[in-house]
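# Results of the structural survey
Chain by chain, the residues:
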Amino acid sequence: MTSSAVTPPVLELRNLVVEFVNRHGTLRALDGISLSIAPGEVLGVVGESGAGKSLTGAAVIGLLEPPGRIASGEVLLAGQRIDQLPVEELRHIRGKRIGTIFQDPLTSLDPLYRVGEQLIETIRTHLPVSEQQARERAIALLAEVGIPAPEKRIDGYPHEFSGGMRQRVVIALALAAEPELIIADEPTTALDVSVQAQIIAVLKKLCRERGTAVMLITHDMGVIAETADRVAVMYAGRVIEIGPVRDVVKSPRHPYAKGLMGSIPALDERPERLLQIEGSMPRLTAIPQGCAFHPRCPHVMPRCHEARPVLEPIGAGQVACFLHEVRS
Amino acid sequence: MLAFVIRRILQSCMVLLTVALLAFTMFRFVGDPVAQIVSLDTPAEEVRKVRESLGLDDPVIVQMGRYLYKAVQMDFGISYQFRQPVIQLLAERAPATLELALISSFLSLAIGIPMGVYTALRRDSLFARVFQSISLVGVSLPTFLIGILLIYLFAVTLGWLPSFGRGQVVTVSGRWSTGLLTVSGLKALILPSITLGLYQMTLIMRLVRAEMLEVLRSDHIKFARARGLTTRAIHFRHALKSTLVPVITIAGLQLGSIIAFAVITETVFQWPGMGALFLKAVQNVDIPIMAAYLMIISALFVTINMVVDLLYAFVDPRLRATIKG
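Residues numbered from 1 in each chain as written. Chains lettered and ligands numbered in written order. Predicted model: local features only at pLDDT ≥ 70, side-chain atom pairs only at ≥ 80, totals over all residues. Heavy atoms only, no water.

### Brief notes about the overall build of chain B
Broken down by element type, chain B carries 14 helices and two strands. For chain B, the spread of C-alpha atoms along the three principal axes comes to 90 × 60 × 35 Å. For chain B, with 325 residues in total, the buried portion stands at 41%. The long-range share in chain B, meaning contacts at least 24 apart out of those at least 6 apart in sequence, stands at 71%. Entry remark: accessible area of chain B is about 17,100 Å², with carbon and sulfur atoms responsible for 69%. Positive and negative charge centroids in chain B, built from 29 and 18 side chains respectively, lie 16 Å apart. (Helix = DSSP H or I, 4+ residues; strand = E, 2+ residues; numbered from the N terminus. Buried < 20%, exposed > 50% of the residue type's maximum accessible area, 1.4 Å probe, protein only. Contact = heavy atoms within 4.5 Å. Areas by Shrake-Rupley, 256 points an atom, 1.4 Å probe, with all protein chains shown as cover. Lys, Arg positive; Asp, Glu negative; His and termini not counted. Charge placed at Lys NZ, Arg CZ, Asp CG, Glu CD.)

Structure representation (structure tokens):
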């Protein structure tokens, strides 16, 4: 664990379980997620679509879409439990203490209001400032995220901005009230490759300057390798490996993480074929008993069918796999 | 912006020209007007003179041009049945119809939009379900039936409101006869405007509800939630505004059809408006009135359409950009 005794982690998830209840029964979408993010740290969360990455982010800010709900477990923000707060108190945390960036900047902004109006309304919702002060702050924020001529652009409408510029505005909105934590859900996926790097650079710089912690949700391993301090790998609603980015990317321990990292083409070598994991991730309705990965695992053992491995410390990280338990 | 307005005005002129052509053609398909003016034993010489004096011996194209030329100057000829200028007849009755139509539109928006918002935000509440069921009745019951039912209930059984007419009217600035300034005039307005507006009201309610539910699922609302905005700001500042963009179009077009289809309501309530005049004209084959009514209504439709487009641009900055370009 990276949490020190002095300062509690900015965010800590303890055994978080998210379920969807409908007529057909209960679907367990997140199954016992435990992770923590230290102040100023960037935690990458990776996994295939449907692994529960975005759901984890939504659960933290209390914006799970019904019928989804937190069934058990705890969410702690700076040591204080927030998953049981009343709706209105949680709203004060959203935007103020936890900023959020969504995938698609083209649709994140309200097309009918000027960029400045949206910034000012966010600032004034969370900070006790006047309209004029909020406007000045909004201009400063736009300048910080690298929008040229911010005092002019502040009166532009979202459609007058390009995709990359809009994502900068979204970042400015997320940073508007100086949050301790930013949840960035696929912040670059919808952007051009050339713009992606710029956005990541802006995000990284601003968070480092302010000491803001980031939960960076993405399936882009390149972005993770470049940005994150630690990585959590998710599979079928569980964290299967978590550790320093160098370790997880260079020498992953969990067979799934190995497969995932092996599927990234390296620039300096040209393998015949990219590594590929046989099969596909199970649907929520059919998650196998024991280790969720066992039907696809090349190292499957009899006990993988019955017992579910839990995260065990190994090296600087943690892995949920019996292979490593046996060895250690 | 200016280019857009000019373009729309030119397009509108084309539409009106087409309607005028249709209106004019009506004259030529319902028999010889001279035959209606002269009696059976009028000498042939006399008939020829009448025909000449009315310009009916000119080529069709000349007659058409003359009709258009006069129509532009708001001269739609003389009514066959009333022996009065058509425009004067219509002008006398226009206030009744316009007041009725505006009040019903106002009611349908003022009640329909809040009901739609309510049923969208409190989707599972008892009231929302009740509204939703009532709105089905409003959408599916024919206007005349609603009118008769209302008359039966409020005029015949309860005796609270008059069943026909405009009540006492006051003439304002010498031309406009209004029922809005007297108690009996306002009372007389209630039943017809509800009858005329009920369909629009339920339509708008259902539209607002569907649109609002859609908007509440959209990304920018999700992001607004993530920004920690208050529920009130999310619902009324952001979601409602997005909802109203398409509602404007429908409401505008509905105002046009409310005016045009006031015919039925005016008949049920003996409302002395343009619709009732039109119906009488149809019964008596009074072509000048029918033609003029057709043209005025289409001019109204075209104007409303244009205003709606401009309003649209006013609300939605994205469209403002396309209009400018």
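### A word on the packing of aromatic side chains
Taken as a whole and assessed by the stated rule, the structure comprises nine aromatic pairs over all chains. Taking 6.0 Å as the distance between ring centres and 45 degrees as the angle between the ring planes, the aromatic pair formed by B:Phe154 and B:Trp160 counts as tilted. Pairwise contacts between aromatic rings join A:Tyr235, A:Tyr256 and A:Phe293 into one cluster. Above the ring of B:Phe82, the side-chain terminus of B:Arg93 is found at 5.9 Å from the ring centroid. One residue, B:Lys241, lies across the ring of A:Tyr113, its end atom 4.4 Å from the ring centre. (Phe/Tyr/Trp six-rings, centres within 6.5 Å; stacked < 30°, edge-to-face > 60°. Lys NZ or Arg CZ within 6 Å of the ring centre and 35° of its normal.)

### Let's talk about the pairing of strand 3 (residues 42-46) of chain A
All names here are of chain A. Judged by how many residues are buried, strand 3 sits mostly within the fold: five of five residues are covered. The alternating pattern of strand 3 places Val 42, Gly 44 and Val 46 and Leu 43 and Val 45 on opposite faces, both of which are buried. Bridging between strand 3 and strand 8 (residues 213-217) involves four bridges; their strand directions are parallel. Looking at strand 8, one finds that Gly 44 is bridged to Leu 216. Across four bridges, strand 3 lies against strand 9 (residues 230-235) in parallel orientation. Of the residues in strand 9, the one forming a bridge with Val 45 is Ala 232. (Pairing = 2+ DSSP bridges.)

### Quick word on the confidence of the model for chain A
Overall, the prediction assigns chain A a mean pLDDT of 87, with 94% of residues at 70 or greater. Confidence, expressed as mean pLDDT per element, reaches its minimum in chain A at helix 13 (residues 322-327) of chain A with 71 and its maximum at helix 4 (residues 115-126) of chain A with 94. (pLDDT = per-residue confidence, 0-100.)

### Structural notes on the environment of A:Arg296
All names here are of chain A. Within the secondary structure layout, Arg 296 lies in the loop between helix 11 (255-262) and helix 12 (302-306). As a C-alpha pair, Arg 296 and Gly 279 span 17 residues in sequence and 6.2 Å in three-dimensional space. The residues touching Arg 296, leaving out its near neighbours within four places in the chain, are Glu 48, Tyr 235, Ile 277, Glu 278, Gly 279, Ser 280 and Met 281. For Arg 296, the side chain forms a polar contact with the side chain of Tyr 235, separated by 3.0 Å. (Polar contact = N/O pair within 3.5 Å; in protein donor to acceptor, adjacent residues only side chain to side chain.)

### Considering the interface of chain B and chain A
On the chain A side, the residues contacting the 22 residues of chain B number 27 residues. Viewed at the interface, chain A and chain B are joined by three salt bridges. A salt bridge links B:Lys222 to A:Glu65, with the shortest nitrogen-to-oxygen separation between them at 3.9 Å. Of all elements in the fold, only helix 9 (219-226), helix 10 (231-260) and helix 14 (317-324) of chain B reach the threshold of two or more residues within the side of chain B that touches chain A. (Salt bridge = Lys/Arg side-chain N within 4 Å of Asp/Glu carboxyl O.)

### Focus on the sheet that holds strand 2 (residues 25-37) of chain A
Residue and element names in this part refer to chain A. Read across the sheet, four strands follow the order 2-1-4-5 without closing on themselves; strand pairing throughout is antiparallel. Where the open sheet ends on each side, the last strands, each with one partner, are strand 2 and strand 5 (80-81). As judged from the eight bridges shared by strand 1 (residues 11-22) and strand 4 (residues 68-77), these two strands associate in the antiparallel manner. For Leu 13, the partnering residue across the bridge sits in strand 4 and is Val 75. Along the sheet, helix 1 (residues 53-60) makes contact with strand 1, strand 2 and strand 4, crossing strand 1 at roughly 105 degrees. (Axes fitted to C-alpha atoms, helices over the stretch in contact; angles between N-to-C directions.)

### Looking at the nonpolar core
Judged by nonpolar contacts, the single largest core of 97 residues is most densely connected at A:Ile98 and A:Val233. The residues contacting A:Ile98, other than those within four sequence positions of it, are A:Val60, A:Ile61, A:Leu77, A:Ile82, A:Ile93, A:Pro179, A:Leu181, A:Ile183 and B:Ala226. Listed in part, the 37 residues of the second largest apolar core include B:Phe24, B:Tyr67, B:Ile258 and B:Ile259. (Core = buried A, V, L, I, M, F, W, Y, C linked by side-chain atoms within 4.5 Å.)

### Focus: the sheet that holds strand 6 (residues 98-101) of chain A
Residues and elements named next belong to chain A. Strand order in the open sheet made by the eight strands is 6-7-8-3-9-10-12-11, with mixed pairing throughout. At either margin of the open sheet sits one strand with a lone partner, and together these are strand 6 and strand 11 (312-314). Taken pair by pair, the neighbouring strands of this sheet meet at an average axis angle of 25 degrees, ignoring direction. One ladder, built from three bridges, connects strand 11 with strand 12 (residues 317-319); its direction is antiparallel. Note that in strand 12 the partner of Glu 312 across the bridge is Val 319. On top of the sheet, helix 7 (residues 163-175) reaches strand 6 and strand 7 (181-185); it is set at about 165 degrees to strand 6, its chief contact.

### Focus on the packing of helix 5 (residues 86-121) of chain B against helix 6 (residues 126-140) of chain B
Residues and elements named next belong to chain B. At a minimum axis distance of 9 Å, the contact between helix 5 and helix 6 shows a crossing angle of 130 degrees. What the angle tells us is that helix 5 and helix 6 run oblique. Where helix 5 crosses over helix 6, the two elements pack in a sense that is left-handed. Across the interface between the two elements, Met 115, Tyr 118 and Thr 119 from helix 5 touch Phe 127, Ala 128 and Phe 131 from helix 6. Grouping the constituent residues of the contact of helix 5 with helix 6 by class yields five nonpolar, one polar and no charged. (Parallel < 35°, antiparallel > 145°, perpendicular 65-115°, else oblique. Left-handed = near helix turned anticlockwise from the far one by under 90°. Nonpolar A, V, L, I, M, F, W, Y, C, P; charged D, E, K, R; others polar.)

### A look at the side chain of A:Arg91
Along the polypeptide, A:Arg91 turns up in helix 2 (residues 87-93). Overall, A:Arg91 belongs to the buried group, its relative accessible area being 5%. A distance of 2.8 Å separates a polar atom in the side chain of A:Arg91 from the backbone oxygen of B:Gly228. With sequence-adjacent residues up to four places away left out, A:Arg91 is seen in contact with A:Thr125, A:His126, B:Gly228, B:Leu229, B:Thr230 and B:Thr231.

### Quick look at the pattern of salt bridges
All names here are of chain A. Enumeration over the complete set of coordinates arrives at 31 salt bridges over all chains. For Arg 137, the salt bridge is made with Glu 178, and the minimal N-O distance between the two is 3.5 Å. Pair noted here: Arg 137 is in helix 5 (residues 131-144) and Glu 178 is in the loop between helix 7 and strand 7, with a separation of 41 residues, a long-range link. For Arg 137, a relative accessible area of 24% translates into the label partly exposed. Judged by its relative accessible area of 44%, Glu 178 is partly exposed.

### Focus: unusual backbone geometry
Cis geometry is found at the peptide bond from A:Pro66 to A:Pro67, where omega equals 10 degrees. One can find A:Pro67 in the loop between helix 1 and strand 4. Look at B:Met74: it is not a glycine, yet its phi comes out positive at around 60 degrees. A positive phi angle, close to 50 degrees, is found at B:Gln270, a residue other than glycine. Mapped onto the elements of the fold, B:Gln270 is located in the loop between helix 11 (262-268) and helix 12 (274-283).

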